[in-house]
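Report on the structure
Here are the chains, one letter per residue:
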Amino acid sequence: MKLVKALAHMGLLVFGLTLSKVSIAQEEPKFWSSDVELGAVFTSGNTEQESLKVRFDTERTGEKYTNTFHFDTYQASEDGNDTADKFYMFYRLGYDLGNDRSLYGRLAYEQDEFSGFDEQYNLTVGYAQNLLVRDNLTITGEAGVGARYTELSTNEDDTEALVRLASLLTWQVSENAVFKQFLGFEIGEELTTSRSDTSLESNIIGNLAMKLAVSVKHNSEVLPGKDKTDTESTVTLVYKF
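The following paragraphs examine the structure supplied in this document.

Calculation criteria
- Residues numbered from 1 in each chain as written.
- Predicted model: local features only at pLDDT ≥ 70, side-chain atom pairs only at ≥ 80, totals over all residues.
- Heavy atoms only, no water.
- Helix = DSSP H or I, 4+ residues; strand = E, 2+ residues; numbered from the N terminus.
- Polar contact = N/O pair within 3.5 Å; in protein donor to acceptor, adjacent residues only side chain to side chain.
- Pairing = 2+ DSSP bridges.
- Axes fitted to C-alpha atoms, helices over the stretch in contact; angles between N-to-C directions.
- Salt bridge = Lys/Arg side-chain N within 4 Å of Asp/Glu carboxyl O.
- Phe/Tyr/Trp six-rings, centres within 6.5 Å; stacked < 30°, edge-to-face > 60°.
- Lys NZ or Arg CZ within 6 Å of the ring centre and 35° of its normal.

**Considering the side chain of Asp85**
- Position of Asp85 among the secondary structure elements: in strand E4 (residues 81–98).
- A polar contact of 3.4 Å, which involves the side chain of Asp85, links it to the side chain of Gln75.

**Some details on the sheet that holds strand E12 (residues 229–240)**
- Around the barrel, 12 strands lie side by side as E1-E2-E3-E4-E5-E6-E7-E8-E9-E10-E11-E12; this closed barrel has antiparallel pairing. The mean inter-strand angle of the sheet, taken between neighbouring strand axes irrespective of direction, is 20 degrees.
- Sheet analysis places strand E10 (residues 192–205) next to strand E11 (residues 208–219), joined by 12 bridges and oriented antiparallel. From the neighbouring strand, Leu200 faces E11, where its bridge partner is Leu212.

**Looking at the pattern of salt bridges**
- Enumeration according to the criterion identifies 13 salt bridges in this entry.
- The partner of Lys86 in a salt bridge is Glu232, and the shortest N-O contact between them spans 3.5 Å. Here the residue Lys86 occupies a position in strand E4, and Glu232 occupies one in strand E12, the gap between them amounting to 146 residues.
- One network of salt bridges, with partners in common, ties together Glu110, Arg148, Glu160, Glu186, Arg195 and Lys217.

**Looking at the packing of aromatic side chains**
- Evaluated as defined, the whole model comprises nine aromatic pairs.
- The interplanar angle of 75 degrees and the centroid separation of 6.4 Å between the aromatic rings of Trp171 and Phe179 together place this pair among those described as edge-to-face.
- Pairwise contacts between aromatic rings join Phe71, Phe87, Tyr109, Tyr121 and Tyr149 into one cluster.
- In this arrangement the basic side chain of Arg92 is found over the ring face of Tyr104, its NZ or CZ atom lying 4.4 Å from the centre.
- Against the face of Tyr88 rests Arg195, its NZ or CZ located 4.5 Å from the ring centre.

Written out as structure tokens, the structure is:
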């Protein structure tokens, strides 16, 4: 388990949170909207298994600026041997242009010990817009360009130009349930990474909710012996504040 190392890398995004204070300094103070997600499974007997899922999201929307920070880690082991050890984080600063349009800058970092890609950084800037807005349904899309740095487990590294396309569907199924579908594509000269996150979140009581989610990540190119597609299915509790 390398949760301490994961938390240490959060320092990469501290500058973003600092900049966010500057961007909202002249706006009316508003509270951050945050949620913490946690899921864990521990078994013993003939087979000993452990898994831990932690996710943290926070967002602050001002008159013109929206600041978003995301941290996500998943770790698992069986009979004392690690089978998954990965985390992903990003900071995003959006600037509202009005009429459901905005510009944004986004910095992301990812580490996945079992994918062959030890570390990946990407920085993109782009344009976002609401594509569909209904009483209980919203679809947003965004497109950006930037660069990605990849460090392989073979001690090789690569830097390439990047095009990023993404969309998010949010459906308020009922008063207490929300369905979300995220699709993202990071298209580089050598590597294309696609992500799909599907979730259904239902309120239990007060600020506490239960969430069912399936995340799929696909890399167009991987090292020999590695799978191109990773799937993660989780059941977690979510606390909102």
